[in-house]
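Each chain is listed here by its residues.
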Amino acid sequence: MLAVGMLIPVGYVVATVLEIGWDALAPLIFRPRVGELLVNTVLLLLLGVPATIVLGVGGAWLVERTDLPGRGFFSVLLVAPLAIPAFVSSYGWASAIPSIQGLWGGLLVATLAYYPLVYLPALATLRGLDPALEESARSLGLGSWAVFGRVILPQLRLAILGGGLIVALHLLAEYGAFAFIRFDTFTTAIVVAYQSTFAGSSAAALGVVLATLCLVLLVIEAGARGRSRYARVGSGSPQPAERTRLGRATPLALTALVALGIAATVVPLASVVRWIAASDASAFGEMPGALLQTMLLAGGGAIGAILVALPVAWLSGRYPGRLSKALEGPYYVASSLPAIIVALALVTVTLRLVPGLYQTPATVIAAYVIVFLPRALVSLRAGIAQVPESLEEAARSLGSHPIVARARVTVPLLVPAIAAGGALVALGAANELTATLLLAPTGTRTLATQFWSAASSIDYAGAAPYALLLILLSIPAVALMFTQIRGRAR
């Protein structure tokens, strides 16, 4: 039943095609405006994803495999942009350089905001690689750059494909960052069409194209991933990997990383601080209410995601097989669709089947669960896999009922995984903009919507306090994510 519920957005796309009919849908899809949006979106993907891969993999290699000075500092600096929502980063750049706009502005903002999504898996993979392979390559006469290109880079394939896919899906789903700099994509166009026609056929047609692009990306990534195995066989080399000496390239590498840190972190933060200094006390008046509503909705989304993910994570961890994979599939497919598609699907379903749920907190929380469920599922599945079944068996042998044994033995050991998964879901929910704008009850004020309301009216001083609070709320979850990845990779 839960898996079927997760497929509501997919069902919405299929039902839209069937209901409107191809004859009516085709003119809405094959028109110049859609062609312009398609060109913008494809160029964004073709240029943006490789740029994030270069920055992410290059940064991970520099801090993990070279003798770069200050590696610990730069390893943290490179992940810092994750604590700054993309629309806040765009706000920072737009207020610093008002002329920034269009494709190149969109590429700049998106690349700086999303390259850590490639950097983190690449860093984890590099930390987990067997140094013996690199030692063997060097013993055959290969230099450091040849070792990187022929030994290390192929083993980063899954990290690059996975991180690249996540970046691509974020680029397709992003609204606020691109709306700020007047760069039109399918998501920005859908929001405008929805606001003008209220879920009319134009918004539905654009949603069909956007969903199709997402599914095409999933198929491409699955095909490119292949079936190669990357697991270490045996204990591997006991020695740490030899670090490449940068030599004369050290100043260039340091300059590049400092410039990246300034562009991705310092510029947005400096803009926020500057506008806070220019704001008056009235800008802080509604912050307590917005913070409370944000915490309630984000907390509801986190609790809902944990409750929905736990049964499937338990089945996958304890009884892996075709059934668990079949149940997991809908969770990932639905979550790969942009939040705007999820929101449109829930608008349609609630209005037609349960009108009483339209524009209620329950619908907002349902959207958060669908969009951010994989964050909880991955964390719970990893946590369950680390709890030995022998502990439950020992409790049962002492006369405990299986349910009591799990409650007393397994659940306490899962608390870190539950907390991590819940924190990551809450982070995404607190920063979610499009679904909240479309689904939240009238009068709802979250930090994201209040920030957007002020910033979209060019009231940058009024938006700054909300931007700062969003960043402060994001820091603990990002720190937790970074710590988990570093610890898991060791």
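Owing to the predicted nature of the structure, the values given are computational and were not obtained by experimental measurement.

Caption draft 1: Representation of the environment of P121 within the structure. Relative to the assigned elements, P121 resides in helix α8 (residues 116–128). Its relative accessible area of 25% is what places P121 among the partly exposed residues. Residues P121 and L158 lie 37 residues apart in sequence; the distance between their C-alpha atoms is 8.8 Å. When near neighbours in sequence (up to four residues on either side) are disregarded, P121 contacts P116, A159 and G163.

Caption draft 2: Expanded view of the packing of helix α6 (residues 86–96) against helix α7 (residues 102–114). Relative to each other, α6 and α7 sit at 135°, their axes nearing to 9 Å. Classified by the angle their axes make, α6 and α7 are oblique. Relative to α7, α6 is oriented so that their crossing is right-handed. The residues of α7 that touch α6, namely those facing A86, S89, S90 and W93, are L108, V109, L112, A113 and Y114. For the contact of α6 with α7, the per-class residue count stands at seven nonpolar, two polar and no charged.

Caption draft 3: Main features of the packing of helix α4 (residues 32–65) against helix α11 (residues 157–173). Two numbers describe how α4 lies on α11: the axes approach to 9 Å, and their chain directions differ by 140°. It follows that α4 is oblique to α11 by the angle criterion. Seen along the crossing, α4 lies across α11 with a hand that is right-handed. Between α4 and α11, the residues in contact are T41, L44, L45, V49, T52, I53 and V57 and I160, G164, V167, A168, L171 and L172, respectively. Here the contact of α4 with α11 is built from residues that sort into 10 nonpolar, three polar and no charged.

Caption draft 4: Main features of helix α18 (residues 339–352). Between the first and last C-alpha of α18 there are 20 Å, a value that for 14 residues agrees with the 20 Å anticipated at 1.5 Å per step. With 11 of 14 residues buried, α18 lies mostly within the body of the structure. Among all positions in α18, only A339, I340, I341, V342, A343, L344, A345, L346, V347, T348 and T350 are buried.

Caption draft 5: Layout of a nonpolar patch on the surface. Together, L38, V39, V42, L43, L46, L47 and W104 make up an exposed nonpolar region whose accessible area comes to about 650 Å². It is α4 that provides the largest number of residues to the nonpolar patch, a total of six residues. Within the fold, W104 resides in helix α7.

Caption draft 6: Spotlight on the pattern of salt bridges. Applying the stated criterion across every chain yields a total of two salt bridges. Note that E36 is salt-bridged to R33, the shortest N-O span being 3.5 Å. Note that E36 and R33 are positioned in helix α4 at a spacing of three residues, about one turn of the helix. You can call E36 partly exposed: its relative accessible area is 45%. The class of R33 is partly exposed, set by a relative accessible area of 33%. Bridged by salt links that share partners, the residues R33, E36 and D184 form one connected network.

Caption draft 7: Focus on the confidence of the model for the chain. Confidence in the prediction for the chain averages 80 pLDDT; 79% of positions are at 70 or higher. A low-confidence stretch, residues 229–238 (pLDDT under 50), is modelled with 13 contacts involving residues beyond four sequence positions or located in other chains.

Caption draft 8: Representation of the packing of aromatic side chains in the model. One pass over the full model with this rule turns up 10 aromatic pairs. Here the aromatic rings of F73 and F74 are separated by 5.3 Å at their centres, their planes lie at 70°, and the arrangement is edge-to-face. Centroid distance Y175 to W452: 5.3 Å. Interplanar angle 55°. Geometry classified as tilted. Remark: W452 occurs in helix α23 (residues 447–455) and Y175 occurs in the loop between α11 and α12 (176–180); sequence separation between them is 277 residues. With respect to burial, Y175 and W452 carry one shared label: buried. An aromatic cluster is defined as three or more aromatic residues linked by ring pairs; in this entry it consists of F87, Y91, Y175, F180, W275, F451, W452 and Y460.

Definitions and limits used
- Counting from 1, residues in each chain are numbered in the order their sequence is written.
- With the structure being a predicted model, the display of local features is reserved for residues of pLDDT at least 70 and the display and counting of side-chain atom pairs for 80 or more, all residues being used for whole-chain, interface and lining totals.
- Side-chain numbers come from the whole structure's heavy atoms, not from hydrogens or water.
- Each helix is a run of DSSP H or I of at least 4 residues and each strand a run of E of at least 2, with the numbering of both proceeding from the N terminus.
- Relative accessibility thresholds used throughout: buried, under 20% of the residue-type maximum; exposed, over 50%; partly exposed, between the two (1.4 Å probe, protein chains only).
- Contacts are residue-level and defined by heavy atoms, with any inter-residue pair within 4.5 Å sufficient.
- Here the axes come from fitting lines to C-alpha atoms, over the contacting stretch only for helices, and the angles between their N-to-C directions go from 0 to 180 degrees.
- Angle categories are assigned with fixed cut-offs, so that under 35 degrees is roughly parallel, over 145 is roughly antiparallel, 65 to 115 is roughly perpendicular, and the rest are oblique.
- Each helix crossing is assigned a hand: it is left-handed if the near helix lies turned anticlockwise from the far helix by less than a right angle, otherwise right-handed if that turn is clockwise.
- Each residue is assigned to one of three groups, with Ala, Val, Leu, Ile, Met, Phe, Trp, Tyr, Cys and Pro labelled nonpolar, Asp, Glu, Lys and Arg labelled charged, and all others, Gly among them, labelled polar.
- Between the first and last residue of a helix there are one fewer steps than residues, each counted as 1.5 Å, and that sum is the expected span.
- Two distance rules govern patches: like charges are joined within 9 Å, and nonpolar side chains (Val, Leu, Ile, Met, Phe, Trp, Tyr) within 5 Å, applied only to residues with over 30% relative accessible area and no salt bridge.
- The method behind every accessible area is Shrake-Rupley, applied with a 1.4 Å probe, and residues are considered shielded solely by the protein chains displayed.
- Between Lys or Arg on one side and Asp or Glu on the other, a salt bridge is scored when a side-chain nitrogen of the former is within 4 Å of a carboxyl oxygen of the latter.
- Summary of the metric used: pLDDT quantifies the predictor's per-residue confidence within the range 0 to 100.
- Two aromatic rings, drawn from Phe, Tyr or Trp (for Trp, its six-membered ring), form a pair once their centres lie within 6.5 Å of each other, and the interplanar angle then sorts them: stacked below 30 degrees, edge-to-face above 60, tilted otherwise.

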